[in-house]
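This is what each chain is made of:
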2 protein chains.
Amino acid sequence: MTAYKKLSKEELKREYEAVSSEFSVLCEKGLKLNMARGKPSKAQLDMVSDIFDVVRKPEDFIIDGVDARNYGNLEGLSAARSYWADMLGVRPEQTFVGGNASLQLMYDLISKAYTHGLLHSQRPWCREEKIKWLCPVPGYDRHFKVTESFGFEMISVPMTDEGPDMDRVEELVKDPAVKGMWNVPKYSNPDGVIYSDATVRRIAALKPAAPDFLLMWDNAYCVHEFFGEFVPFLNILEECEKAGNADMVFEFASTSKITLPGAGMSVMAASEANISYLSKLIGIQIISYDKVNQLRHVKYLKDKEHTLELMKRHAAIMGPKFKAVLDTLDEKIAPLEIAQWKRPKGGYFVSFYAMPGTARRTLELCKQAGVTMTGAGATYPYGKDPEDSNIRIAPSLPPVSELEQALEVFCVCLRMATLEKLMA
Amino acid sequence: MTAYKKLSKEELKREYEAVSSEFSVLCEKGLKLNMARGKPSKAQLDMVSDIFDVVRKPEDFIIDGVDARNYGNLEGLSAARSYWADMLGVRPEQTFVGGNASLQLMYDLISKAYTHGLLHSQRPWCREEKIKWLCPVPGYDRHFKVTESFGFEMISVPMTDEGPDMDRVEELVKDPAVKGMWNVPKYSNPDGVIYSDATVRRIAALKPAAPDFLLMWDNAYCVHEFFGEFVPFLNILEECEKAGNADMVFEFASTSKITLPGAGMSVMAASEANISYLSKLIGIQIISYDKVNQLRHVKYLKDKEHTLELMKRHAAIMGPKFKAVLDTLDEKIAPLEIAQWKRPKGGYFVSFYAMPGTARRTLELCKQAGVTMTGAGATYPYGKDPEDSNIRIAPSLPPVSELEQALEVFCVCLRMATLEKLMA
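In this text the structure is predicted, and so the values were computed from the model without any measurement. (Residues numbered from 1 in each chain as written. Chains lettered and ligands numbered in written order. Predicted model: local features only at pLDDT ≥ 70, side-chain atom pairs only at ≥ 80, totals over all residues. Heavy atoms only, no water.)

J.: Explanation requested: helix H11 (residues 304-332) of chain A in the structure shown.
T.: In an α-helix, one turn spans 3.6 residues, which is why side chains three or four residues apart end up on the same side. Residues and elements named next belong to chain A. Across its 29 residues, H11 extends 39 Å between first and last C-alpha, which sits within 8% of the 42 Å expected from 1.5 Å per residue. Where H11 bends most, the angle comes to about 35 degrees, and this point is alanine 316, followed within four residues by the proline proline 320. You can read the cap of H11 off the contacts: a side-chain oxygen lies 3.3 Å from the backbone nitrogen of glutamate 305, and it is on aspartate 303. (Helix = DSSP H or I, 4+ residues; strand = E, 2+ residues; numbered from the N terminus. Expected span 1.5 Å × (residues − 1). Bend = angle between axes of the 7 residues up to and from the residue. Polar contact = N/O pair within 3.5 Å; in protein donor to acceptor, adjacent residues only side chain to side chain.)

Below you can see the structure in the form of structure tokens.
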């Protein structure tokens, strides 16, 4: 295998013919494989389904004098707040335990900023002329969709190996129209970057012109290692507090990838002043979230230590899938010198950078061959990757055997799209 | 016992002294009783807690080829949509099954009207100069809080024994600023009124000036009889469709008072065009609601017929409590001719009308004697009952023995407040 850049025009043509015929053979197989979303696999779901055994009898539902089955306790069961405090290193009073989706808590927060304003807002955001928002790229498509949906102007900030480019962020927040910023601080989606302590501290110490700047801290993969040991993370609430920015940050997490994606437990953590302000607004929309599910989770997961043990068992399922992806890319793509990719130790994705101008075409070919991947551009605001290069590989859902087939298809399609580009 | 209006000044004074000393005795008991909210009792919760036995093993979670534990199916499990279609008499495609709270679906709908607009909106409601909203009174405090929270001007419409005063409603909707109306069409909160078919049809045939008029149809007590047989109700979606208003109405229901208040299943029903429009917006905020809980409910409740059987068992617990309230009032208050009250056959409340100007004082005295009731005025927009008369009695939570104590306190406090008024 020779690097494509060293091939002559004639050799490129021959390679293209070979790859094309490989592609045709794959298309004829009528595959139907999916590497589109970060969905846990059935094996992972089965592994944790004994969670449904832990609360069943009438006496199981009473905890700290509260009947989890009835209305009440908007901010969550006291035991659930303590669980998340342990997980995130914050105080129980700084937590608000929600329903099955942290995305809903994030959306609700931004929606309430829009309709009612935040604690330090001068007016609801719907009364502002223009709202701008910082988006480290590549990033999480569902984050971007939320801010797009409210009409905010999204400004891309490049990611480095230590997190977002902070020189750029510090400059941008001088604009009072810049009202917030998305972050996935640990195993960022999709790059798998862990923000360095220095970056976290620079973020916590930001001096935004907007008094109600909203630091969205989506700690979705806070305990989600699949290679190696648990990597500790700074308490962003504490760092913000130290920097005089106690009310600037909201942290989010969930058990969607610890227990069950469709039936997990979410949390929002923030200063007590923020929790109190938000609880008043959230109390208008719901009497309480599903506390039986909270109770079930607390009894099943117990605490951070016990949760980390469970995450080791997830890693035993996830690790081999990520190894399969990386091994295949190392073997089949690396020698061609046509792409780069990250080597994450946790999270749910492998971020892949094809030769500029080939990502969209690669995924189009994958689709023809029956392999669904996250759409090209999805990892950028408005779905537009200016380089047409980033591809998010999500290997968690398919069993290893299917994954290997899907990767074979991906490699062939990538080579084909690259050759088309080189020959054009 | 003599009607108070027939008592002389001197007799009133003597009666007041007698009642005051009864009150003092009650205060010394140090009671702590609660008739504030429509919360099901522990006996009801225990009765249905076998719901947690129905899905437990890995194979239990797969239905119609969908794994309820994973992400997906935003509009709800197909089986859950069919269940609600059966319950409400609508088509499955007209349903959207949510999380544990119909209030959240209602709030989200109004919030989205505010931030993004509805299907037929000319602009998001936050861009309208003024929004007005019709509130049949007395009504549900949490409804009023939602529309108050968005700054809508709430206009009270008196309730009759057949539902809201429709002459008034038809007149009011000629104002294009009037964007919607709250309704609890069966066993209205708190009066327990069932809207007559004629009223329902007049509502369905409204010709509001606002093209995006939003008929909120909170069918919270659709199967919640505690005396007598199930009372059928018209399909409001069909009635609106027949009147050329297919997209005007959103119906809501939940199992909060069928299974569990904190961990039930909610639904929103509307035209397919509305469900499709809303699903796109809701898809930004959540990937899917808790489908394991949906599955659990479908397996446990099965269908409308089976649900009605369960409601008979709830009625066996609820009925005696309502009988205790009505019997006590008939015995201790009726002869005094100082108040009136409704005699509902379902729902969760007894709506009580004290002599004008005495409701607040009555409840203040109750509080002193250790009995918490729904705050006076709560059943009116902005918490202000112009007559200071309506009191919502919620007898569901306490066991009958506690309920009888609480009612004794209530009757004494009512008499005392009335005498104070008569003597002033």
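J.: Before we go on, may I ask you to explain the packing of aromatic side chains in this structure?
T.: A ring pair, where both rings are aromatic, is described by two values, the distance of the centres and the angle of the planes. All names here are of chain A. One pass over the structure, following the stated rule, counts 34 aromatic pairs over all chains. With 5.2 Å between their ring centres and 50 degrees between their planes, tyrosine 114 and phenylalanine 150 make a pair best called tilted. Here tyrosine 114, found in helix H4 (residues 102-115), pairs with phenylalanine 150, found in the loop between helix H5 (141-149) and strand E6 (153-160); they are 36 residues apart in sequence, far enough to count as distant. Overall, the relative accessible area of 7% leaves tyrosine 114 in the buried class. (Phe/Tyr/Trp six-rings, centres within 6.5 Å; stacked < 30°, edge-to-face > 60°. Buried < 20%, exposed > 50% of the residue type's maximum accessible area, 1.4 Å probe, protein only.)

J.: I keep staring at the pattern of salt bridges and nothing clicks. Help me out?
T.: A pair can form between side chains of opposite charge whenever their charged atoms are brought close. Scanning the entire structure with this criterion turns up 53 salt bridges over all chains. Between arginine 56 of chain B and aspartate 53 of chain A there is a salt bridge, with the nearest N and O atoms lying 2.7 Å from each other. With arginine 56 of chain B in the loop between helix H2 (42-48) and strand E2 (62-63) and aspartate 53 of chain A in the loop between helix H2 (42-48) and strand E2 (62-63), this pair bridges two chains. Taking relative accessible area as the criterion, aspartate 53 of chain A reaches 36% and is therefore assigned partly exposed. Among the ionic pairs, aspartate 327 of chain B bridges to lysine 323 of chain B, the shortest N-O distance being 2.7 Å. One end of the pair is aspartate 327 of chain B and the other is lysine 323 of chain B, both in helix H11 (residues 304-332) and four residues apart, which spans about a single turn. (Salt bridge = Lys/Arg side-chain N within 4 Å of Asp/Glu carboxyl O.)

J.: Got a minute to help me understand the pairing of strand E5 (residues 132-137) of chain A in this structure?
T.: The two faces of the sheet receive side chains in turn, since in a regular strand these alternate between them. Residue and element names in this part refer to chain A. Summarising burial for E5: six of the six residues are buried, a large majority. Burial along E5 is two-sided: Lys132, Leu134 and Pro136 and Trp133, Cys135 and Val137, pointing in opposite directions, are all buried. In terms of strand pairing, E5 meets E6 through six bridges, oriented parallel. When the sheet's bridge partners are listed, proline 136 is paired in E6 with valine 157. Taken together, E5, H5 and E6 constitute a β-α-β crossover, and its handedness is right-handed. With three bridges joining them, E5 and strand E8 (residues 178-183) adopt parallel strand pairing. Opposite leucine 134, over in E8, you have methionine 181 as the bridge partner. (Pairing = 2+ DSSP bridges. Right-handed = clockwise from strand over helix to strand, strands pointing away.)

J.: Teacher, can you tell me more about a negative patch on the surface here?
T.: On the surface, Asp86, Asp303, Glu305 and Glu309 of chain A cluster together to form a negatively charged patch. Overall, the relative accessible area of 35% leaves aspartate 86 of chain A in the partly exposed class. (Patch = residues over 30% accessible without salt bridge, like charges linked within 9 Å, V, L, I, M, F, W, Y side chains within 5 Å. Areas by Shrake-Rupley, 256 points an atom, 1.4 Å probe, with all protein chains shown as cover. Lys, Arg positive; Asp, Glu negative; His and termini not counted. Charge placed at Lys NZ, Arg CZ, Asp CG, Glu CD.)

J.: When you look at the relation of the copies chain B and chain A in this model, what are you seeing that I'm missing?
T.: Two copies of one chain are present, and they are related through a rotation about an axis combined with an axial shift. Note on the copies: chain B fits chain A at an RMSD of 0.0 Å, the axial shift is 0.0 Å, and the rotation between them is 180 degrees. Viewed as a symmetry operation, the transformation between the two copies matches a two-fold axis. An overlap of 100% is found between the interface residues of chain B and their copies at the interface of chain A, pointing to a shared contact surface. (Least-squares fit on C-alpha atoms with pLDDT ≥ 70 in both. Contact = heavy atoms within 4.5 Å.)

J.: Can you walk me through the interface of chain B and chain A in this structure?
T.: Put simply, an interface is often sized by how much accessible area is lost when its parts join up. Between chain B and chain A, the residue contacts involve 56 residues of the former and 56 residues of the latter. Of the roughly 4,800 Å² buried between chain B and chain A on both sides combined, carbon and sulfur atoms contribute 52%. Per-residue buried area on chain B facing chain A is highest for Arg69, Tyr71 and Ile284 of chain B; these three make up 15% of the total on that side. We note a salt bridge from arginine 69 of chain A to aspartate 46 of chain B, for which the minimum N-O separation is 2.8 Å. Applying the counting rule to chain B against chain A returns 25 residue pairs in polar contact (both at pLDDT 80 or more). In terms of residue count, helix H4 (residues 102-115) of chain B provides more of the side of chain B that touches chain A than any other element does, eight residues in total. Per-class residue counts for the side of chain B that touches chain A are 25 nonpolar, 15 polar and 16 charged. (Buried area = accessible area lost by both parts, 1.4 Å probe. Nonpolar A, V, L, I, M, F, W, Y, C, P; charged D, E, K, R; others polar.)

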